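Close look at the chain arrangement
Here are the chains, one letter per residue:
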Amino acid sequence: MTEILEQDPAGRRIFGDAPVTAHPAWPELKSAVEEIRPWQSKDGSVDFDAEGAPTRAEAGAAVERVIAAVEQLAPLLPHDAAYHTALVADLRQWAAGGFAVPDFLDSLLAFRPAADRVDGLQHLAVFPMYTQNGNPDRNLEAVVLRMVWPDWLAELERTRYDNPLFCGITFEDFTAGYDTNSAVFFPETIAVREAPERFSWGGIFCDREAARFRRVTEAAVGVLGVELPDDIREMVADQERCQQAFVLWDMIHDRTHSHGDLPFDPFMIKQRQPFWMYGLEELRCDLTAFREAVQLEADGFPQGRDVQYAILFDRMFRFPVTGARERNYDGLGGQLLFAYLHQHDVVRWTDNTLRIDWERAPEVTKRLCAEIEDLYRAGIDRPKLVHWFAAYDLVSAYLSPHPGSRWAKGPDALDLTQPPRKLVDDVLPDEFPLSMFYEALSKKLKNVIASTKGITATSTERVAA
C-alpha cells in the first residue's frame, strides 16, 4: 500500500512505491473497461438497440465492476482521494442516466495531478475520452501513470520556465485507447457537459516519446549511414537519459505556445487556418526549446545537449515520414527543418550517406527559429490572409509546393471575395509533398515506425534484450 513515508525539506510528501498495477484489482479494472469500450458509440454513449449491444443490466454490472476495482485501488493513492470519490459518483450517474453521452466534469475538476508534482508519484485515472493520435472516439479508458519531476527539472521550472500545469509522466499500464501512437494525456479530450473555464493540468508521456525516438533514430542512422559522436550514440542507447531530454523539451515547448511575439489571434485559440500555420507554430515551439537547450548546455546542464539532438533527429527522421500525408503539419515542420539545414550546408546527402556538420548545426537551427519569429513579429500588423501568404512564402522558400497548388500561384488564383476561412478549402491535403529523399526514407522506415505503436520503455528494453 502506498503510504506517506516522510516529508522532504520543501515540505513535499514522499510516497511509498507499491505499484498500483501489481494489485489484483488492476487487471479486474482493465477487464471491465475493455468490456464496456466496444459497446460505446463515438460520443461515448451506449446504444442498446445496436447489434451486439448489451442489456442494460449487463452494462450496469460492468460499471459496478469498474467501481469496485477503483474503490479497492483508491487507498493506494490517498493523494487522489477526492478524484476517486468524484469518479465513482460520475460512473454511477452515467449508469443511472441510461448510459447517455457521458459527463465526467465533476471528476475532471477533482483530478489535479499538477497540484502535487512529486517524482515517481502514481495516479490512476479513468475517463471517457479520445486519445490524441490514437482512438478518436470517447471510450472509457483507464491508465496508471507516474509523475516525472526530478529536482533539476523542478528547479528549472521554478526559476526559468514557469509552467505550473505541465506534467511529465510515464506509463505503468493502460487500456486499448493508449495501445496506439498517443503520447499525451490532455483534459480537453474528456467527455464533459461543458468545458471548464480553464484546465489545470496537461500530461505528456516522455517514456513513450523517448522509446519511439530511440527505435526510429537507431533505424534511420543505420539506413542513412550517419556517423554519431560518441556522446550522442550513448544517449540514443539510454532510455532514462532520453526520457530526461524529452521531459525538458516538452516542458519548454508547452509553455512557448503562449510566449513570444504572437499574432493577436494566437495558435492556442481554436480557429480554422491552413495547416502550414500549425506546422510553423509547432516548429517554432520546438526550435525555441532547441535554442534554450543550447543555453542550458552552456550553463552546465547535460540535458541541454541531449535536447538539441532529440529535436534534430525526431524532427528530421521521424516526423516527415510518420502518419498520413493529409494536412500533416508536424511532418511539414520536419521537412522544413531538414530542407533549411540542407540548403545551409549543415546536412549533406552525398555518396548515399547523410553527413551532419555538428559544429554548425546549433547556430543554423537557431537562425530558422529567428526567421519564424520575424514572421510572427510582423504578423500583428498584417490582415490574416496577408499573414497566411507571408507564412506560405517562408515555407515555399525551402520546400517545393505541389505543382497543382492554387496558393502557390498567389492571390490572383484565389477567390478573395470569400472570407479567409473559406479559402482554406483551396489548400491541398498535401500542399508540400515529400521530397525524393523522404519518399525513399519513408519506405525504409515504414515497418519500424509501425512497430512503435503502443511502445513503452519496458517494451523497448524487451526488444533490446
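Residues numbered from 1 in each chain as written. Predicted model: local features only at pLDDT ≥ 70, side-chain atom pairs only at ≥ 80, totals over all residues. Heavy atoms only, no water.

1. Some remarks on a negative patch on the surface
A cluster of like negative charges, contributed by Asp119, Asp230, Glu234, Asp238 and Glu240, occupies part of the molecular surface. On the basis of relative accessibility, which here comes to 46%, the residue aspartate 119 falls in the partly exposed class. (Patch = residues over 30% accessible without salt bridge, like charges linked within 9 Å, V, L, I, M, F, W, Y side chains within 5 Å. Areas by Shrake-Rupley, 256 points an atom, 1.4 Å probe, with all protein chains shown as cover. Salt bridge = Lys/Arg side-chain N within 4 Å of Asp/Glu carboxyl O. Lys, Arg positive; Asp, Glu negative; His and termini not counted. Charge placed at Lys NZ, Arg CZ, Asp CG, Glu CD. Buried < 20%, exposed > 50% of the residue type's maximum accessible area, 1.4 Å probe, protein only.)

2. Observations regarding the sheet that holds strand 6 (residues 184–185)
The sheet built from five strands is open, its strands ordered 3-4-5-7-6 with mixed pairing. The open sheet has two free edges, formed respectively by strand 3 (122–129) and strand 6, since each of these has just one partner strand. In this structure, strand 4 (residues 139–147) lies alongside strand 5 (residues 166–174), joined through five bridges in antiparallel fashion. Residue pairing across strands places leucine 145 opposite phenylalanine 171, the latter belonging to strand 5. Across the sheet, helix 6 (residues 206–224) touches strand 5 and strand 7 (202–205), and the angle it forms with strand 5 is around 75°. (Pairing = 2+ DSSP bridges. Helix = DSSP H or I, 4+ residues; strand = E, 2+ residues; numbered from the N terminus. Contact = heavy atoms within 4.5 Å. Axes fitted to C-alpha atoms, helices over the stretch in contact; angles between N-to-C directions.)

3. Some words on the pairing of strand 7
Residues Gly202 and Ile204 of strand 7 are buried on one face, and the alternating residues Gly203 and Phe205, pointing to the opposite face, are buried as well. Summarising the sheet, strand 5 and strand 7 pair through four bridges and their orientation is parallel. Note on strand 7: the bridge partner recorded for cysteine 167 is glycine 203. Of the pairings in the sheet, the one linking strand 6 to strand 7 comprises two bridges and is antiparallel in character. Residue pairing in the sheet places valine 184 in a bridge with isoleucine 204 of strand 7.

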